[in-house]
Each structure stands twice: as structure tokens, then as C-alpha cells.
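These are the residues of each chain, in order.
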Amino acid sequence: MANSSSIRHHRIGSAAVIEINRPPVNAINHDIRAGLIAALAAVAADGEVERIILAGAGDIFAAGADAGEFDLPMMQPDLPTVVAALESAPMPVIAAIKGACLGGGLELALACCWRIAAPTAQLGLPEVILGVVPGSGGTQRLPRLVGMKTALSMIPEGRGIRAAEALEIGLVDQQDDDPVAAALALPLADLDGRPPVSRLPAPSSAPEAAEAALAKARRRMPRQRAPEEAIRLVGLAASHAFDDALKEERATFLRLRDGDECRALRHIFFAERGARTPARLKAVPPAPLDSTIVVGGGTMGAGIAHALARAGSAVTLIERDDAALDAARQRMAGLYDAAVRRGLVQARLAAAEQGAIRFQAGYDGIDTAGLVIEAVFEDMQVKRNVLTALDRAAPDAVLASNTSYLDIDLMAGCLADPSRLVGLHFFSPAHIMKLLEIVRGARTSDHALATGYALAKRLRKIPVEVGVCDGFVGNRMLQRVREAAELLLLDGAEVVQIDRVMRGFGYAMGLYETQDMSGLDIAWANRRRQQATRDPERRYSKVQDQVCEAGWLGRKAGRGWYIYEDGKPVGLNPDVAPLVAAESARHGITRQALADDAVMQTLLLALINEAACILDEGIAGAAADIDLVLVHGYGFPRFRGGPLCHADSMGTGMIRDRIAALQKTDPVIWKLSPLIDRLAAAGKGFLD
Ligand code: NAI
């Protein structure tokens, strides 16, 4: 058997300690699998070993199979082979578990005859999160050990548990600060006659728990196959012989592994992990973040200040006047109340943290702050006034704007040193949403960019660097898809239909439902701003403006595209349809019913074409960045991997042909992105 660089073993008395050593997370790859088989053979040949202790080097057992190998042909030995070898070892194998023991890591531990966990251990089978099911016995061994009901509460949603709970449910046998020492001290007699987990009696079936798990999976991970398959497989533990169920588990794992859902989820998983300070900025020191200023304490400013304070920064919040300060204070109190209610922070700590936030009108005493973020009204003049004041008041700080659409370069023009302005586009609610668009202006310095990345790290957000254009990546694409939807309405689609097909595709909410929820006024103000520069040749539907002019600003107004009673939608707003009919007539369109598929496809093609333009213009650096923005900021279904990952599953050739067909009907709106044309000609996808 090949030498393994990731597995080492040594003797302590009559015990052999086999260690998995592949930093940072001991992700199980071929080298580990081959190494484990070799180590087991060597230990068995030793003749004096009475027990084997399987542990992870460092503070981790194994965080799961290496998903990077999913794209490669399966190399032997596979994990089921290793699991079987562990379970049939000629001497007892004890798992000594610290830190993450997840997925394939837990499947290894389940093949051991005794499990000892440190209090920090985290155990679970999170495979469904990557679009697969456990493929090495997890769905069969876990229910044998902890019962059907508990297994059904873990595997289908990928829920992990801590050591204490694992001990309580019988997943581990013992808890100890030093699991290896405890494994050495364990009297071997305690293990005598202990059957391997696979030979434990089959669990009783639990049809009600299965029903409940299915309902929950459909609610929380709608349209995804892996959770439902996991529920089915766990059920087999009660109805099928172990070996038969194991075969079915493996076949299901391999099928899902090669499918679109797993490919998409893996793509997003790796994109998230890759979203961090790029190599070119690694050596650039960021501004210190221990003291920060937020200007504007409205919806966004309060959320940003809250996130900063929660991350341990000393925050000063600046508002226009005393009345606005009071409102900001109340908003902040509301955020802390919610955090306490949700158990995120203890009341006493929350009070102290909130008490330490300084609220002030004016810019006195902020000259030592490292970073100032403005979140004032979305108005160029207001923003420039604020930046002019900051230029003097905070001469050394990195300055950031949370603008949604406005030109960072134009803003930077009012600074003596324009290089210190960077866009930091948070998403609402700013303390919850993970995405942070870092907007690189023409003159933004590396220092300012590095500060943006450092902030993302401190706030545990996902940074995506973008260039300057109207709306950057996310809002630019949102505008485009809204335009496409508006025109579909004129052509014959219905508001409810658009929302329904989007939900059917996997969005949690449709476009119009989302607009009602966030309020229609921001986009309306933005359209008015763009009015003067809009191409008069470009088809434009006035319906969206008429809805706003009527005061139907969404849920908060009790009426938008839908009607709301006590904040709940009770039906479509009946007054919208006549507006649509009149606008269609004005455009000379005879409305015709549109098929659901055609509606969804048009929306997707609009998104994909715009994304391709954004990529081609260099506004985004990589397809994965655009996918991250859409998944984390705009509700694009994660299991579809983002618009460009999804585009690859459609095929760039087909996309080119369909956009070309649309271009014939409306050449102003539909201009095929040159990038799609090039990719299609080369037979390539966006992610190639
Ligand atoms: P908001 O209207 O809730 O808050 C703006 C705050 O700025 C108000 O409290 C106002 O009193 C304060 N303000 C105005 N002029 C000021 C000045 N000269 N000095 C100090 N404070 C001043 O607006 P919101 O929604 O918080 O938006 C703020 C910024 O964030 C805008 O640029 C917006 O485009 C952007 N944004 C908004 C998102 C949203 O969903 N609301 C999402 C992402 C970005």
C-alpha cells in the first residue's frame, strides 16, 4: 500500500494510536483512506497491539470527505472500504474525538466500537448541505445507535451536535477533556463482547418522525433531493438488512454526487471559502478597526453600527440632529432587544455593549478612528457634503460609503485624497446578511480595499470585490431582472405567476412579494434618478411607477402588488391589472398568456446575460463572485449555485441561441453579451 503523508501511527504500550494529520481540517481524501488501510494492516501485523486509538492530529478529528475530490473519478480504497476495515479490525478500535467530527469523519467514528469526545467536539452528518447523503454507512449506523427519531432530526437537515448532547443520545460513550488519554485508560474488559454498530438490532420504524422530517425538509430546503433521499435511506435501517441498505445508500450517494444539485452546492461552498483577502493585498496593512464611526443611524447605519459593536469595535454613531439621534438610539435598542430575545447575547452584556456606543450630532472628536462608514440618504449631494466634512474631521481614516447605486468615483472627487474612499455595500438587515460588496473605485487605494476585507473578516461576512457601475453587481442585476419582469407583465404574464414560477425555481419569495416586503420606494427613487439618462428607445413600463404614485408602497403601506391585512398578504391588489392592461395597450401589445417555463427562462436569461456583461466589463472578477452575490444577497437558490453556475447546466450554446432569438424581438433590451458568444463558440461554460 502506498505511503501516506496524512496518516501516522505510533505505539503507546500495547496501544496503537493512528492519527489523521491533514491540516487544516483533516478533510478525508485518497491519501488518508489509503493511509488508514495501510496503518490498520501494519498494526494488525504488529502482534502486540491490543487496542487501536483513532484520533485527529491538532484540535480536529476530521471535518468530512474532501469535496474537492468529488469531481475526480473515485479512487480505491473508497471510504466504505476503510469503514469496513475499521469495523472488522482484529482488536478494539476507539475513536478519540476532538473538534469537528463530521460527515465521513463521523462515519469513521461510527465504525469504532467506543467513542470518547472532548467537550469541544462537534458531531454530525452534514452531507445534505453539499447536496449528497452520507455514503459510508452513516444513514444506517446512526439510527442503530441513537434511534430513528434522533437520526431523523440530524441527517436530513445536516444538524451537528456538541459532545454533551452526543453523550446524552448515546452517540458517544464517554466525554473527556483528553480523549486519547481516556482511550488509553479504558479497561479493555469494558469492550468485551461489544458488537459493532452495524450488528446492533435494527431500530424500530418511526413513520411520524419521518413525515415530520419530510415536511421540515420541504419547508427549509425546498426542491432539494438530498434531504428527501436521506430520510428515505434512514428509513431503510428499519426495513432492510444492513448490507442491502448500505448498497442502496452508496448508490444514492454516487448518483447525487454526480448531479447538478451537488455540483451547484459544492460550487457555492468553495466560492464562500475562497472569498477572502486576495494574495495581492495580503501584505497591505488595513486600517485599525477597534474604533469605528458610522454616519447615519437609519435602517442600514444602525444595523452596521450594531454589527461593529457586536464584533468588539468602539462605535460612534453620528446623526444630523437630536431628533434623528433619538430615533437612531431607539433603532439600536430594538436591535439589541432582538439579539437578547434570540439568545445571541446576554441581557447584561447587551446593555453594557449598547451603553458603550457613542451617539453624537456633528463630527467632533473622531480624528482617531480607523474607519468611517457613511450610510446617509441615497443622494449624491448629501453624501458629498458628509464626505467633505469627514475629509477634515477624520484626516487619517479609511472612508467608506454604503451607497446602493451611486458613483463612488464621483463621491471621491470631493476628498483631498480620493484614494481613501471605498464602497462597502452592506445588505439589509446589515447585522444579519452575510454579503459585503467591496466597491473598488478608480482611485481606491490598496489600503482602503484591505480595510474592507479586514472588516468583512471581523464581521464574519462574505466579501466580494466589485467595480463601479450603476448598482454594482447585485443591484444592477436586480434592476435588469425587474425590467424583464415588468415587460413580461405587459406581454401577458401575471404578477402571481412570476412569483409562483420563481418560488417553483427555488426562490423563497418571488420578485413582487420581495418588493412588497422591502418597500417599493427605494427602487422608485432610483428610477427617478435614472430618468434623465434612460435610453428613450428602451421599452419602459410605467406600471411600477404608477403603483408607487398611488401610494401602494408594499407591505408597510398595507398595499403594493398585493393587499395586506395585519401584515399578512390576503390577495392580489386588484387595481394593478387595469394599469397593466392600459400600459400594454399604450405599447400596442396584445397580451397573451405565457407558459410558466417561458416566464422563468426569460428572467434567467436576463440575469445570465447581465452577469456575463458584468464579468466581461471587469466589474466582477470571477463568475463565482457573481454567484455569491446573487445567492447571498438576492435569494437566488443556493442549490442552483447562482446564475452562472446554473447557466452552465443549461449550456452556453443554448443560452446564446435563446438570447439571439429574443434579440430579434427587442434588439435594444436584448443585446447578447460578447462573453456568452465567445464561450458558446469555444464550447465552454462560465466556470471552466
Ligand atoms: P434611512 O433613510 O433609513 O437612513 C438614513 C439616515 O441618515 C437617517 O437616519 C438620516 O437622519 C441620516 N442622515 C441623513 N443625512 C445625514 C447627515 N448629513 N449626517 C448624518 N446623518 C444623516 O436610509 P437607509 O435605508 O439606512 O440607507 C442608507 C444608505 O444605505 C443609502 O445610501 C442606501 O442606498 C444604502 N443601502 C440601503 C439598503 C436598504 O435596504 N435600505 C441596503 C443597502 C444599502
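First, a word on scope: everything that follows refers to the structure included in this document.

Cut-offs and rules
Residues numbered from 1 in each chain as written. Predicted model: local features only at pLDDT ≥ 70, side-chain atom pairs only at ≥ 80, totals over all residues. Heavy atoms only, no water. Pairing = 2+ DSSP bridges. Helix = DSSP H or I, 4+ residues; strand = E, 2+ residues; numbered from the N terminus. Near = heavy atom within 4 Å. Polar contact = N/O pair within 3.5 Å; in protein donor to acceptor, adjacent residues only side chain to side chain. Areas by Shrake-Rupley, 256 points an atom, 1.4 Å probe, with all protein chains shown as cover. Nonpolar A, V, L, I, M, F, W, Y, C, P; charged D, E, K, R; others polar. Contact = heavy atoms within 4.5 Å. Buried < 20%, exposed > 50% of the residue type's maximum accessible area, 1.4 Å probe, protein only. Right-handed = clockwise from strand over helix to strand, strands pointing away. Axes fitted to C-alpha atoms, helices over the stretch in contact; angles between N-to-C directions. Core = buried A, V, L, I, M, F, W, Y, C linked by side-chain atoms within 4.5 Å. Salt bridge = Lys/Arg side-chain N within 4 Å of Asp/Glu carboxyl O.

Okay, the sheet that holds strand 3 (residues 51–56) next. Strand order in the open sheet made by the six strands is 1-2-3-4-6-9, with mixed pairing throughout. Each edge of the open sheet is held by one strand with a lone partner, namely strand 1 (7–12) and strand 9 (174–175). In terms of strand pairing, strand 6 (residues 114–117) meets strand 9 through two bridges, oriented parallel. Across the sheet, residue Ala117 finds its bridge partner in strand 9, namely Gln175.

Here we come to the site of the ligand. The immediate surroundings of the ligand are formed by 24 residues, with Met300, Glu319, Glu378, Lys383 and Ser404 found nearest. Glu378 is positioned with one of its side-chain polar atoms (N or O) 2.6 Å from an oxygen atom of the ligand. Protein chains bury 82% of the 830 Å² of accessible surface belonging to the ligand in isolation. Of all the secondary-structure elements, those providing two or more residues to the shell around the ligand are helix 12 (299–310), strand 11 (314–319), helix 15 (380–393) and strand 15 (421–426). The element best represented in the shell around the ligand is helix 15, accounting for three residues. Split into classes, the residues belonging to the shell around the ligand amount to eleven nonpolar, nine polar and four charged.

Structurally, Leu410 can be placed in helix 16 (residues 408–412). With 331 residues separating them in the primary sequence, Leu410 and Leu79 have C-alpha atoms 57 Å apart. Not counting residues within four places of it along the chain, the set of residues in contact with Leu410 comprises Met380 and Arg384.

Here is the key point about a regular strand: its side chains alternate between the two faces of the sheet. Burial along strand 14 (residues 398–401) is two-sided: the residues Val398 and Ala400 and Leu399 and Ser401 are all buried. Handedness of the crossover joining strand 13 (residues 371–374) and strand 14 through helix 15 is recorded here as right-handed. In the sheet, strand 14 pairs with strand 15 via three bridges, with the strands oriented parallel. Its bridge partner lying in strand 15, Ser401 is registered against Gly423.

The next point concerns the sheet that holds strand 11. Taken in spatial order, the eight strands make up an open sheet running 12-11-10-13-14-15-16-17, and their pairing is mixed. Looking along the sheet, the strands with just one partner apiece sit at the ends: strand 12 (358–361) and strand 17 (462–467). In this sheet, adjacent strand axes meet at a mean angle of 25 degrees when their direction is disregarded. As judged from the four bridges shared by strand 10 (residues 291–295) and strand 13, these two strands associate in the parallel manner. By the bridge assignment for strand 13, Ile293 is matched with Val372.

Proteins that are soluble and globular tend to have nonpolar side chains buried together. Judged by nonpolar contacts, the single largest core of 99 residues is most densely connected at Ile498, Trp561, Ile626 and Phe686. It is helix 24 (residues 596–616) that contributes the most residues to this core, twelve residues altogether. The next biggest cluster of nonpolar side chains, apart from the first, holds 71 residues, and it includes Ala121, Val197, Leu236 and Ala245.

Okay, unusual backbone geometry next. Between Pro23 and the following residue, Pro24, the backbone shows a cis peptide bond with an omega angle of 5 degrees. Along the polypeptide, Pro24 turns up in the loop between strand 2 (15–20) and helix 1 (30–46). Following Gln76, the chain continues to Pro77 via a peptide bond in cis, the omega torsion being -5 degrees. Relative to the helices and strands, Pro77 is located in the loop between strand 3 and helix 2 (79–87). Positive phi values are uncommon outside glycine, yet Arg223 reaches one of about 70 degrees. Positive phi is not limited to glycine here, since Phe472 has a value of about 55 degrees. Within the secondary structure, Phe472 is located in the loop between strand 17 and helix 18 (474–491).

Attention now moves to the pattern of salt bridges. Oppositely charged side chains can pair when the atoms bearing their charge come close. Summed over all chains, the structure comprises 44 salt bridges. With a shortest N-O distance of 3.1 Å, Lys216 and Glu157 are connected by a salt bridge. One end of the pair, Lys216, is in helix 8 (residues 207–220); the other, Glu157, is in the loop between helix 5 (148–154) and strand 8 (160–162), with 59 residues separating them in the sequence. The exposure class of Glu157 is partly exposed, given its relative accessible area of 22%. Across the pair Asp616 and Arg678 runs a salt bridge, and its minimum N-O distance is 2.8 Å. Placement of the pair is Asp616 in helix 24 and Arg678 in helix 28 (residues 674–682), with a sequence separation of 62 residues.

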